[in-house]
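Listed below, chain by chain, are the residues.
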Amino acid sequence: MERQATEIPRIVHFTKTDAEFTFMNFVVVLATKKYLKPHTIYMHIFGMSRFRGCWWSLIQPHVQLRFFSYSGYLNGLYVPYPEHISDIIRIVVMAQRGGIYMDLDSLPVRPFGDLWSKELVLGRQAHGAITSAVFMAKPGSCFTCVLEQQVFSTYDGGWVSAGPALVDHLLETVRCFPEATVLGSWAFFAFDFRGNIPFRGLFEKRRDSFSMLDKSYALHLYDTRTRPYQAMLTWRWAMGSQSAVAIAIRDVFTDRTLFHALPRVNGTDFLRNICPAVTSVQKDVRLPES
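Residues numbered from 1 in each chain as written. Predicted model: local features only at pLDDT ≥ 70, side-chain atom pairs only at ≥ 80, totals over all residues. Heavy atoms only, no water.

Caption draft 1: Spotlight on the nonpolar core. Among the nonpolar cores identified, the biggest contains 61 residues, and Phe 21, Phe 26, Met 43, Leu 107, Phe 112, Phe 188 and Ile 249 are the most heavily contacted of them. A total of ten residues in this core trace back to one element, the largest contributor, which is helix α1 (residues 23-36). Once residues lying within four places of it in the same chain are set aside, the contact partners of Leu 107 are Met 24, Val 27, Val 28, Ala 31, Tyr 217, Ala 218, Leu 219, Leu 221, Ala 248 and Ile 249. One finds Val 79, Tyr 101, Leu 122 and Leu 147 within the second-largest nonpolar core, a separate group that totals 28 residues. (Core = buried A, V, L, I, M, F, W, Y, C linked by side-chain atoms within 4.5 Å. Buried < 20%, exposed > 50% of the residue type's maximum accessible area, 1.4 Å probe, protein only. Helix = DSSP H or I, 4+ residues; strand = E, 2+ residues; numbered from the N terminus. Contact = heavy atoms within 4.5 Å.)

Structure, rendered in C-alpha coordinates:
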(Lines give C-alpha, C1' and ligand atoms only; values in the text may rest on other atoms or scores of the structure.)
Protein backbone atom coordinates (compact mmCIF):
# COMPACT_ATOMS: atom_id res chain seq x y z
CA MET A 1 0.00 0.00 0.00
CA GLU A 2 1.30 3.45 -0.90
CA ARG A 3 2.24 5.64 2.03
CA GLN A 4 0.14 8.78 2.32
CA ALA A 5 2.05 12.06 2.63
CA THR A 6 1.91 13.30 6.22
CA GLU A 7 2.16 16.91 5.08
CA ILE A 8 2.14 18.96 1.93
CA PRO A 9 5.48 18.32 0.18
CA ARG A 10 7.97 21.19 0.08
CA ILE A 11 7.85 21.69 -3.65
CA VAL A 12 6.67 24.79 -5.49
CA HIS A 13 5.12 24.99 -8.94
CA PHE A 14 5.03 28.00 -11.25
CA THR A 15 3.68 28.12 -14.81
CA LYS A 16 4.67 30.35 -17.71
CA THR A 17 3.18 30.51 -21.20
CA ASP A 18 5.21 33.44 -22.57
CA ALA A 19 8.96 33.92 -22.97
CA GLU A 20 9.42 37.22 -21.09
CA PHE A 21 10.90 36.61 -17.64
CA THR A 22 10.65 39.89 -15.74
CA PHE A 23 12.31 41.40 -12.70
CA MET A 24 9.14 40.73 -10.72
CA ASN A 25 9.16 37.06 -11.77
CA PHE A 26 12.75 36.91 -10.53
CA VAL A 27 11.85 38.47 -7.16
CA VAL A 28 8.90 36.09 -6.66
CA VAL A 29 11.13 33.03 -7.18
CA LEU A 30 13.82 34.50 -4.92
CA ALA A 31 11.23 35.27 -2.21
CA THR A 32 9.96 31.70 -2.55
CA LYS A 33 13.46 30.40 -1.82
CA LYS A 34 13.81 32.71 1.18
CA TYR A 35 10.47 32.23 2.92
CA LEU A 36 9.21 28.80 1.79
CA LYS A 37 12.58 27.02 1.64
CA PRO A 38 11.31 24.37 -0.83
CA HIS A 39 13.21 21.25 -1.78
CA THR A 40 12.43 21.91 -5.45
CA ILE A 41 11.04 24.77 -7.52
CA TYR A 42 9.46 23.69 -10.81
CA MET A 43 8.80 26.05 -13.70
CA HIS A 44 6.24 24.41 -16.00
CA ILE A 45 6.27 25.96 -19.45
CA PHE A 46 4.28 25.48 -22.63
CA GLY A 47 4.73 26.68 -26.20
CA MET A 48 8.35 27.88 -25.97
CA SER A 49 11.86 26.54 -25.51
CA ARG A 50 13.48 29.22 -23.34
CA PHE A 51 13.03 32.56 -21.60
CA ARG A 52 14.40 35.95 -22.55
CA GLY A 53 16.36 38.36 -20.37
CA CYS A 54 19.03 38.40 -17.72
CA TRP A 55 16.58 37.83 -14.86
CA TRP A 56 16.02 34.26 -16.02
CA SER A 57 19.77 33.74 -16.36
CA LEU A 58 20.19 34.78 -12.74
CA ILE A 59 17.55 32.49 -11.27
CA GLN A 60 17.84 29.51 -13.67
CA PRO A 61 20.30 27.52 -11.47
CA HIS A 62 17.67 27.41 -8.73
CA VAL A 63 14.72 26.25 -10.85
CA GLN A 64 13.90 22.99 -12.65
CA LEU A 65 12.26 23.52 -16.04
CA ARG A 66 9.43 21.18 -16.99
CA PHE A 67 8.04 21.25 -20.54
CA PHE A 68 4.33 20.54 -20.50
CA SER A 69 3.28 18.29 -23.37
CA TYR A 70 -0.20 19.19 -24.51
CA SER A 71 -2.08 19.01 -27.83
CA GLY A 72 -3.78 22.38 -27.46
CA TYR A 73 -7.21 20.71 -27.26
CA LEU A 74 -9.31 19.89 -24.24
CA ASN A 75 -12.61 17.98 -24.26
CA GLY A 76 -12.53 18.20 -28.07
CA LEU A 77 -12.16 22.00 -28.06
CA TYR A 78 -9.18 24.17 -28.96
CA VAL A 79 -7.94 26.12 -25.93
CA PRO A 80 -7.23 29.69 -27.13
CA TYR A 81 -6.35 31.41 -23.88
CA PRO A 82 -2.90 31.21 -22.22
CA GLU A 83 -4.66 31.62 -18.87
CA HIS A 84 -6.63 28.42 -19.47
CA ILE A 85 -3.48 26.53 -20.43
CA SER A 86 -1.88 27.73 -17.19
CA ASP A 87 -4.99 26.56 -15.31
CA ILE A 88 -4.73 23.11 -16.90
CA ILE A 89 -1.02 22.79 -16.09
CA ARG A 90 -1.42 23.76 -12.44
CA ILE A 91 -4.35 21.38 -11.94
CA VAL A 92 -2.50 18.42 -13.46
CA VAL A 93 0.80 18.93 -11.61
CA MET A 94 -0.90 19.62 -8.27
CA ALA A 95 -3.04 16.48 -8.58
CA GLN A 96 0.03 14.38 -9.39
CA ARG A 97 2.76 15.92 -7.24
CA GLY A 98 1.09 18.16 -4.68
CA GLY A 99 3.00 21.00 -3.05
CA ILE A 100 2.17 24.64 -3.57
CA TYR A 101 1.19 26.40 -6.77
CA MET A 102 1.67 30.16 -7.06
CA ASP A 103 1.16 32.63 -9.86
CA LEU A 104 4.41 34.36 -10.79
CA ASP A 105 2.93 37.64 -9.59
CA SER A 106 2.26 36.35 -6.05
CA LEU A 107 5.01 37.64 -3.78
CA PRO A 108 5.65 35.62 -0.60
CA VAL A 109 6.32 37.94 2.36
CA ARG A 110 6.76 35.45 5.23
CA PRO A 111 7.11 31.70 5.94
CA PHE A 112 3.93 29.64 5.49
CA GLY A 113 4.34 28.02 8.91
CA ASP A 114 1.80 25.35 9.86
CA LEU A 115 0.02 25.58 6.48
CA TRP A 116 2.34 22.78 5.32
CA SER A 117 0.66 20.39 7.78
CA LYS A 118 -2.80 20.88 6.22
CA GLU A 119 -4.44 18.68 3.58
CA LEU A 120 -5.57 21.47 1.27
CA VAL A 121 -5.19 25.25 1.57
CA LEU A 122 -6.81 27.94 -0.57
CA GLY A 123 -7.64 31.60 -0.10
CA ARG A 124 -10.44 34.02 -0.82
CA GLN A 125 -10.01 37.15 -2.85
CA ALA A 126 -11.04 40.48 -1.34
CA HIS A 127 -14.46 40.25 -3.05
CA GLY A 128 -15.12 36.79 -1.57
CA ALA A 129 -14.44 34.29 -4.36
CA ILE A 130 -12.06 31.37 -3.75
CA THR A 131 -9.26 31.26 -6.31
CA SER A 132 -6.37 29.05 -7.44
CA ALA A 133 -3.73 31.78 -7.88
CA VAL A 134 -2.13 30.41 -4.71
CA PHE A 135 -3.04 27.01 -3.30
CA MET A 136 -1.48 24.09 -1.46
CA ALA A 137 -2.35 20.40 -1.47
CA LYS A 138 -1.05 16.94 -0.72
CA PRO A 139 -0.39 14.78 -3.81
CA GLY A 140 -3.50 12.94 -4.94
CA SER A 141 -5.81 14.94 -2.72
CA CYS A 142 -9.51 14.36 -3.30
CA PHE A 143 -10.07 17.96 -4.32
CA THR A 144 -7.28 18.22 -6.91
CA CYS A 145 -8.25 14.86 -8.44
CA VAL A 146 -11.90 15.95 -8.77
CA LEU A 147 -10.75 19.30 -10.15
CA GLU A 148 -8.62 17.53 -12.78
CA GLN A 149 -11.50 15.25 -13.75
CA GLN A 150 -13.88 18.21 -14.01
CA VAL A 151 -11.69 20.37 -16.20
CA PHE A 152 -10.97 17.51 -18.62
CA SER A 153 -14.60 16.41 -18.90
CA THR A 154 -16.56 19.67 -18.77
CA TYR A 155 -14.32 22.30 -20.37
CA ASP A 156 -16.40 24.31 -22.83
CA GLY A 157 -14.05 27.17 -23.70
CA GLY A 158 -15.58 29.50 -21.13
CA TRP A 159 -14.01 30.96 -18.02
CA VAL A 160 -16.35 29.13 -15.65
CA SER A 161 -15.19 25.71 -16.83
CA ALA A 162 -11.51 26.26 -15.99
CA GLY A 163 -9.41 27.92 -13.36
CA PRO A 164 -10.53 30.03 -10.41
CA ALA A 165 -14.23 30.02 -11.30
CA LEU A 166 -14.28 26.21 -11.33
CA VAL A 167 -12.37 26.09 -8.02
CA ASP A 168 -14.88 28.47 -6.44
CA HIS A 169 -17.82 26.46 -7.82
CA LEU A 170 -16.54 23.15 -6.43
CA LEU A 171 -15.84 24.53 -2.97
CA GLU A 172 -18.82 26.86 -2.59
CA THR A 173 -21.54 24.94 -4.45
CA VAL A 174 -20.59 21.25 -4.32
CA ARG A 175 -19.16 21.55 -0.79
CA CYS A 176 -17.95 17.99 -0.33
CA PHE A 177 -14.33 18.69 0.63
CA PRO A 178 -14.11 18.86 4.42
CA GLU A 179 -10.33 18.69 4.22
CA ALA A 180 -10.16 22.18 2.70
CA THR A 181 -8.77 25.04 4.75
CA VAL A 182 -10.05 28.25 3.15
CA LEU A 183 -8.29 31.36 4.43
CA GLY A 184 -9.64 34.89 4.31
CA SER A 185 -8.41 37.43 1.81
CA TRP A 186 -5.80 38.62 4.32
CA ALA A 187 -3.69 35.50 3.58
CA PHE A 188 -2.88 35.96 -0.11
CA PHE A 189 -5.29 38.50 -1.64
CA ALA A 190 -5.60 41.42 0.77
CA PHE A 191 -5.60 43.97 -2.03
CA ASP A 192 -8.07 44.11 -4.88
CA PHE A 193 -9.67 46.90 -6.91
CA ARG A 194 -13.05 45.40 -6.04
CA GLY A 195 -12.28 45.08 -2.34
CA ASN A 196 -12.23 47.58 0.48
CA ILE A 197 -8.48 48.12 0.22
CA PRO A 198 -7.45 49.53 -3.18
CA PHE A 199 -4.60 47.73 -4.88
CA ARG A 200 -2.92 51.02 -5.78
CA GLY A 201 -2.27 51.62 -2.08
CA LEU A 202 0.50 48.98 -2.22
CA PHE A 203 2.36 51.14 -4.73
CA GLU A 204 1.56 54.55 -3.25
CA LYS A 205 1.63 54.11 0.55
CA ARG A 206 4.18 52.94 3.06
CA ARG A 207 4.03 49.46 4.55
CA ASP A 208 3.09 50.75 8.00
CA SER A 209 -0.19 52.00 6.49
CA PHE A 210 -1.46 48.40 6.23
CA SER A 211 -1.70 46.45 9.47
CA MET A 212 -2.95 43.30 7.67
CA LEU A 213 0.50 42.85 6.10
CA ASP A 214 1.67 41.70 9.52
CA LYS A 215 -0.18 38.41 8.96
CA SER A 216 -0.34 38.05 5.16
CA TYR A 217 1.59 35.13 3.68
CA ALA A 218 1.82 36.54 0.16
CA LEU A 219 0.70 39.51 -1.91
CA HIS A 220 -1.06 38.74 -5.16
CA LEU A 221 -0.04 41.63 -7.41
CA TYR A 222 -2.17 41.18 -10.50
CA ASP A 223 -5.60 42.37 -11.49
CA THR A 224 -6.81 43.25 -14.98
CA ARG A 225 -6.78 46.88 -13.84
CA THR A 226 -3.26 46.88 -12.42
CA ARG A 227 -1.30 46.94 -15.66
CA PRO A 228 -0.12 50.56 -15.17
CA TYR A 229 1.34 49.53 -11.84
CA GLN A 230 2.93 46.39 -13.30
CA ALA A 231 5.00 48.66 -15.56
CA MET A 232 6.44 50.33 -12.45
CA LEU A 233 7.98 47.10 -11.17
CA THR A 234 11.58 47.62 -12.27
CA TRP A 235 14.56 47.01 -10.03
CA ARG A 236 15.43 50.72 -9.99
CA TRP A 237 11.95 51.62 -8.73
CA ALA A 238 11.97 48.82 -6.16
CA MET A 239 15.29 49.94 -4.69
CA GLY A 240 14.27 53.60 -4.41
CA SER A 241 10.55 53.70 -3.55
CA GLN A 242 9.23 53.75 0.03
CA SER A 243 5.94 52.06 -0.92
CA ALA A 244 4.72 48.82 0.67
CA VAL A 245 5.53 46.69 -2.40
CA ALA A 246 9.03 48.14 -2.79
CA ILE A 247 9.82 47.54 0.88
CA ALA A 248 8.54 43.93 0.60
CA ILE A 249 10.82 43.44 -2.42
CA ARG A 250 13.84 44.91 -0.63
CA ASP A 251 13.20 42.61 2.33
CA VAL A 252 13.96 39.68 0.00
CA PHE A 253 17.42 41.06 -0.74
CA THR A 254 18.45 41.30 2.91
CA ASP A 255 19.20 37.55 3.01
CA ARG A 256 22.73 37.25 1.65
CA THR A 257 22.67 33.43 1.77
CA LEU A 258 20.38 33.48 -1.28
CA PHE A 259 23.06 34.92 -3.50
CA HIS A 260 26.02 32.59 -3.19
CA ALA A 261 25.20 30.76 -6.46
CA LEU A 262 23.97 33.68 -8.57
CA PRO A 263 26.16 34.35 -11.62
CA ARG A 264 27.87 37.59 -12.60
CA VAL A 265 25.99 40.21 -14.62
CA ASN A 266 27.63 42.64 -17.05
CA GLY A 267 31.02 41.67 -15.64
CA THR A 268 30.10 42.73 -12.09
CA ASP A 269 29.15 40.86 -8.96
CA PHE A 270 25.35 40.73 -8.49
CA LEU A 271 25.55 40.60 -4.69
CA ARG A 272 27.81 43.63 -4.48
CA ASN A 273 25.67 45.71 -6.84
CA ILE A 274 22.14 44.76 -5.84
CA CYS A 275 22.29 44.11 -2.09
CA PRO A 276 23.90 47.48 -1.26
CA ALA A 277 21.07 49.07 -3.23
CA VAL A 278 18.75 48.07 -0.39
CA THR A 279 19.98 51.15 1.46
CA SER A 280 21.63 53.08 -1.37
CA VAL A 281 20.97 52.81 -5.09
CA GLN A 282 24.25 52.21 -6.89
CA LYS A 283 24.76 54.51 -9.86
CA ASP A 284 27.07 52.11 -11.68
CA VAL A 285 24.69 49.15 -11.77
CA ARG A 286 24.21 48.20 -15.40
CA LEU A 287 21.05 46.11 -15.51
CA PRO A 288 17.96 46.54 -17.70
CA GLU A 289 15.06 48.63 -16.49
CA SER A 290 12.70 45.64 -16.25
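Caption draft 2: Structural detail: the environment of Phe 21. Along the chain, Phe 21 turns up in the loop between β1 (11-16) and α1. Phe 21 gets classed as buried once you look at its relative accessible area, which sits at 1%. Once residues within four sequence positions are removed from consideration, Phe 21 is found in contact with Lys 16, Phe 26, Val 29, Met 43, Phe 51, Arg 52, Trp 55, Trp 56, Ile 59 and Leu 104.

Caption draft 3: Main features of the sheet that holds strand β8 (residues 120-124). Strand order in the open sheet formed by seven strands is β3-β2-β1-β6-β9-β8-β10, and the pairing between neighbours is mixed. Sheet topology places β3 (64-67) and β10 (180-183) at the edges, where each strand pairs with a single neighbour. Each strand axis lies, on average, 25° off the axis of its neighbour in the sheet, ignoring direction. Bridge analysis of β8 against strand β9 (residues 130-137) gives four bridges, and the strand direction is antiparallel. Residue pairing in the sheet places Leu 120 in a bridge with Ala 137 of β9. (Pairing = 2+ DSSP bridges. Axes fitted to C-alpha atoms, helices over the stretch in contact; angles between N-to-C directions.)

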